[in-house]
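# Fold and geometry: a report
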Amino acid sequence: MKTCSILLFAAAFCAGCATVNFANDYHGMGIEDGEPPIETVEIENTGWFLFRFIPLGSGNPLKPNKVSCKLFSNTVDLQNNLEMLEDEMERVGAKRVANLTSRKTDESMFIILLTRRAYHTSAVLLK
Amino acid sequence: MKKTAKALVLSGLAFLTGCFSMDIAQTDSLRESALSSNNGKPLEHVVVSNYGWYLFNCIPLACGNAAPDAFFPWRLFSNHVTSNILHDRMMAHAASINADVRDLTFFRDEKVIFDLPGTDFPIPIPYVLCFREIQFSGTLTQRKSQKEPTDSIRKKTVDEMNQLLDKLNPEEEH
């Protein structure tokens, strides 16, 4: 029972997470060509890998900001981040995107045994 | 047993070596949205990255192979984690699809202090083994020169030339 709970606890930590964060208070400032944007959005998707490439769990890009992950599949890629951005654009009614940048990070535990990979995308959404 | 240990060490070293990647993504809404009124339609979002390991922060041990015709995914004792090489790969890809680059950002990460595996104790001497990573991110847009006429640029150039001539020969009329 004790081993089982430790394994469950570890598995919970090894699950990934997809999040979409935004900020939309510009105090009347224009960002792109003086036009006030709808919001600045930051998207992150994380996952855990064994030996760098065997996926243990990663965030569910279809349900960002929810307790949902995909076990044993890799969803940490640029395409999924762009699709989450597309969903966010639809949600807020944005037609244009500016300052689109992405970056990925890797953190490893015990050299290569466990790796946490994250893909970040940020952009400014405009009407 | 010894063979197994050797195989494990070798495969571990192979995993530790660098890795070059070029991630390309596109969505319908990205293609349909012009970034601003003065720019072309976005075609793709691209992230190019490469990382490697160095001895004393200057001697390359192993890094990802960023050569366009790479056979092996890694490269030993040769430095491919440079902004020039990665920038060149991104620009070559942009040129291959006839695109301009927007929102180009550069990211560089370096780690020079490592913990002993499985502990919180750092290896006492920094810069013995170093990790370096470079990333470029950009949005490829439809090339502007092909879809917009250059009449306004030509007119501006002619006006500038006339102003220059006026300055050189103030008595003559053009």
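Shown above is the structure to which this text applies.
Reading guide: rules and limits
- Residues numbered from 1 in each chain as written.
- Chains lettered and ligands numbered in written order.
- Predicted model: local features only at pLDDT ≥ 70, side-chain atom pairs only at ≥ 80, totals over all residues.
- Helix = DSSP H or I, 4+ residues; strand = E, 2+ residues; numbered from the N terminus.
- Buried ≥ 20, exposed ≤ 12 C-beta atoms within 10 Å, placed from the backbone.
- Contact = placed C-beta atoms within 7 Å.
- Core = buried A, V, L, I, M, F, W, Y, C linked by C-beta atoms within 7 Å.
- Pairing = 2+ DSSP bridges.

It is worth spelling out the overall build of chain B at this point. In terms of regular secondary structure, chain B is built from 5 helices and 6 strands. Listing every helix and strand of chain B by position from the N terminus yields α-β-α-β-β-β-α-β-β-α-α. Residues classed as buried in chain B amount to 24% of the 174 residues present. Excluding contacts between residues fewer than 6 apart, the proportion of contacts in chain B whose partners are at least 24 apart in sequence is 61%.

A few words on the environment of Leu114(A). All names here are of chain A. Counting through the fold element by element, leucine 114 comes out in strand β6 (residues 114-126). For the pair leucine 114 and phenylalanine 49, spaced 65 residues apart in the sequence, the C-alpha separation amounts to 5.7 Å. If we ignore the near neighbours within four places in the chain, the residues touching leucine 114 are Trp48, Leu50, Ser108 and Met109.

In this structure, Phe77(B) takes a positive phi of about 55° despite not being glycine. The exposed category is assigned to Phe77(B), around which 10 C-beta atoms lie within 10 Å.

Right, let's get into the nonpolar core. In this structure, Leu85(A), Val97(A), Ala123(A) and Leu125(A) are the most contacted members of the largest nonpolar core, which totals 35 residues. Listing elements by their share of this core, those giving two or more residues are β2 (39-50), α2 (78-92), β5 (96-109) and β6 of chain A together with β2 (42-55), β3 (59-64), α3 (83-96) and β6 (129-142) of chain B. Residues in contact with Ala123(A), not counting those within four places in the same chain, are Val41(A), Leu85(A), Val97(A), Ala98(A), Asn99(A) and Leu100(A).

Okay, the pairing of β2(B) next. Residues and elements named next belong to chain B. Of all 14 residues making up β2, 12 are buried, and the element is well covered by its neighbours. Here 7 bridges tie strand β1 (residues 19-25) to β2, and the two strands are oriented antiparallel to one another. Bridged to methionine 22 within β2 is valine 48. Sheet topology note: the β2/β6 ladder contains 13 bridges and is antiparallel. By the bridge assignment for β6, glycine 52 is matched with arginine 132. Where β2 lies against β3, 4 bridges are found, and the strand directions are antiparallel. Bridge pairing links tyrosine 54 to proline 60 in β3.

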